[in-house]
Amino acid sequence: MLRSKILNRIRLLKPVIDRRCMSSASKTPLTLLEVDDKSGIATLSLNRPPVNSLNIDLMNSIIESITEIEGNKSRGLILTSANDRVFCAGLDLNELHKPNQERLKEFWAVFQDVWLALHLCSVPTAAAINGHAPAGGCLLATACEYRVMLPQMTIGLNETQFGYMAPKWVMLSYLSVLPRRLAERALTQGKLFTTAEALDVGLVDEIAASKEEALAKCSTFIDSFSKANPLARSLTKKQIREPDVQKLIADRAGDLKECLEYINSPLLQDGLGAYFEALKQKSRSKAGKS
Ligand SMILES: CC/C=C\C/C=C\C/C=C/C=C/CC(=O)SCCNC(=O)CCNC(=O)[C@H](O)C(C)(C)COP(=O)(O)OP(=O)(O)OC[C@H]1O[C@@H](n2cnc3c(N)ncnc32)[C@H](O)[C@@H]1OP(=O)(O)O
């Protein structure tokens, strides 16, 4: 009964995700998908310069790739970045700052979809975190089952640093990896963990000296399921993740409404504007422009 319920729910989910995927074709490859013909493991690289910030097109491209990977019977999915400094800079602040309301609704729905698609992905998933992973970038990493990170990077849900509170389902993704007291402290502080700190608290599982080593460690993790029946493994993962997923699926409209109110509030728009300006200023001074 529960199995068919879960499968039906996934089928219900899929049409939403598939329909969204068809709606936008990006001109440049926002994601690069390679399947190793020996191991059968798919590597999905985020490829939206300069920092893989998540806009509608990139998130649709990720969803499309996950749907393709699940359909082509890949043995596993490794999520990584084509950029050697940044894994993913989180949500594209251009989508949140002074947003077009219709676009913001679509943006948020796709944000919900990309988490559901990755969190419920039927094949084993691992993140080779070869760059900084703040906020939404951290969410993509925690949606995966295993995380390998390179040194001297940062990862964490830093929303309170720019005046936001992460949505409930984003917090749940953190709580699926960190003990509650630590997750609460990190969320309220908006903490960005260094690679060493992230390993220490269990936010990441291993550290690798290079991207190649990180990919190899992720492949070893995926190989650890070689003796498990793929369907039984997938159903077991979905059953364990079902309660968290249900909290979003049961009230996607409510989550969207709360997000719109929150993002559009003047206080938050001011905070976000100042934060975004500081980022641009930092970038300009780095490039030697005053
Ligand atoms: C009740 C609650 C319900 C709902 C809640 C409502 C809303 C919640 C909102 C929520 C969730 C938010 C999650 C998010 O992901 S918001 C985004 C958070 N991201 C960040 O804070 C990261 C910011 N970026 C950085 O820290 C750094 O850029 C870096 C560490 C990722 C990389 O540093 P670099 O030194 O390599 O690069 P920079 O010079 O800083 O940047 C280069 C370039 O990229 C621009 N940029 C950086 N990050 C973003 C971004 N997230 N979006 C858009 N653009 C970004 C940066 O401005 C530079 O651009 P220019 O060169 O100035 O053009």
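What you are looking at is a predicted structure, and each value in this text was computed from that prediction instead of being measured.

The rules behind each value
- Residues numbered from 1 in each chain as written.
- Predicted model: local features only at pLDDT ≥ 70, side-chain atom pairs only at ≥ 80, totals over all residues.
- Heavy atoms only, no water.
- Near = heavy atom within 4 Å.
- Polar contact = N/O pair within 3.5 Å; in protein donor to acceptor, adjacent residues only side chain to side chain.
- Areas by Shrake-Rupley, 256 points an atom, 1.4 Å probe, with all protein chains shown as cover.
- Helix = DSSP H or I, 4+ residues; strand = E, 2+ residues; numbered from the N terminus.
- Nonpolar A, V, L, I, M, F, W, Y, C, P; charged D, E, K, R; others polar.
- Buried < 20%, exposed > 50% of the residue type's maximum accessible area, 1.4 Å probe, protein only.
- Pairing = 2+ DSSP bridges.
- Right-handed = clockwise from strand over helix to strand, strands pointing away.
- Salt bridge = Lys/Arg side-chain N within 4 Å of Asp/Glu carboxyl O.
- Disulfide = S-S within 2.5 Å.
- Phe/Tyr/Trp six-rings, centres within 6.5 Å; stacked < 30°, edge-to-face > 60°.
- Contact = heavy atoms within 4.5 Å.
- Axes fitted to C-alpha atoms, helices over the stretch in contact; angles between N-to-C directions.

What follows deals with the site of the ligand. Within the structure, the ligand sits among 32 residues, and R85, L91, Y275, S283 and K286 are positioned closest to it. A distance of 2.8 Å is found between an oxygen atom of the ligand and a side-chain nitrogen or oxygen belonging to R85. Between N158 and the ligand, the recorded distance is 3.2 Å, taken from a side-chain N or O atom to an oxygen atom. With the chains in place, 86% of the 1,200 Å² that the ligand exposes on its own is no longer accessible. Listing elements by their share of the shell around the ligand, those giving two or more residues are helix 3 (93-96), helix 11 (252-264) and helix 12 (266-286). Grouping the amino acids of the shell around the ligand by side-chain chemistry returns 18 nonpolar, seven polar and seven charged.

Turning next to the pairing of strand 2 (residues 41-46). For strand 2, the buried fraction is high: six of the six residues fall into the buried class. Burial of strand 2 is two-sided: the residues I41, T43 and S45 facing one way and the residues A42, L44 and L46 facing the other way are all buried. Two elements, strand 1 (residues 31-35) and strand 2, share five bridges in a ladder whose sense is antiparallel. If you follow T31 over to strand 2, its bridge partner there is L46. Taking the residues between adjacent antiparallel strands as the criterion, strand 1 and strand 2 are bridged by five residues, where G40 takes a positive phi near 75 degrees. In this sheet, strand 3 (residues 76-81) lies alongside strand 2 in parallel orientation, the contact comprising six bridges. In the strand pairing of strand 3, L44 is matched with L79. Once you follow strand 2 into helix 2 (residues 56-71) and on to strand 3, the crossover reads as right-handed.

This part takes up the pattern of salt bridges. Evaluation of the coordinates by the stated rule reveals 13 salt bridges. E95 serves as the salt-bridge partner of R103, at 2.6 Å between the closest nitrogen and oxygen. When its relative accessible area of 38% is taken as the criterion, R103 is described as partly exposed. Across the pair E258 and K168 runs a salt bridge, and its minimum N-O distance is 3.5 Å. Linking E258 in helix 11 with K168 in helix 6 (residues 168-175), this pair joins segments that are 90 residues apart in sequence. Residues joined by salt bridges that share partners form a network here, namely E145, R233 and K237.

So, about the state of the cysteines. Joining two cysteines, a disulfide is a covalent bond between their sulfur atoms. A full pass over the atoms with the stated rule returns zero disulfides. Residue C144 stays outside any disulfide, its sulfur separated by 8.3 Å from that of C218, the closest cysteine. With a relative accessible area of 1%, C144 lands in the buried category.

Quick look at the packing of aromatic side chains now. Remark: the centre distance and the inter-plane angle together describe each pair of aromatic rings, the angle taken between the planes. In total, this model carries nine aromatic pairs according to the counting rule given. Between F221 and F225, the aromatic rings sit 5.1 Å apart at their centres with planes inclined by 85 degrees, giving edge-to-face as the arrangement. Taking relative accessible area as the criterion, F221 reaches 14% and is therefore assigned buried. Of the aromatic side chains, those joined through ring pairs into one cluster are W108, F111, W115 and W169.

Taking strand neighbours across the sheet as the criterion, the three strands line up as 5-7-8 in an open arrangement whose pairing is mixed. One side of each edge strand has no neighbouring strand; the edge strands of this open sheet are strand 5 (133-134) and strand 8 (193-194). Direction of pairing for strand 7 (residues 154-156) relative to strand 8: antiparallel, over a ladder of two bridges. Looking at strand 8, one finds that T154 is bridged to T194.

What follows covers the side chain of K237. With respect to the helices and strands, K237 occurs in helix 10 (residues 230-249). One polar contact links K237 to E145, side chain to side chain, over a distance of 2.6 Å. Ignoring sequence-local partners within four residues, the contact set of K237 consists of L118, H119, C121, V123, T125 and E145.

Another point: the sheet that holds strand 1. Read from one edge of the open sheet, six strands run 1-2-3-4-6-9, paired in mixed fashion. At either end of the open sheet lies a strand with only one pairing partner, and these are strand 1 and strand 9 (206-207). Inspection of the sheet shows strand 3 paired to strand 4 (residues 125-129) by three bridges, in the parallel sense. Bridging from a neighbouring strand, L77 pairs with T125 of strand 4. Across the sheet, helix 5 (residues 136-143) lies against strand 2, strand 3, strand 4 and strand 6 (146-149), angled at about 140 degrees from strand 4, the strand it touches most. Strands strand 2, strand 3, strand 4, strand 6 and strand 9 of the sheet are contacted by helix 9 (residues 211-223), whose axis makes an angle of about 160 degrees with strand 3.

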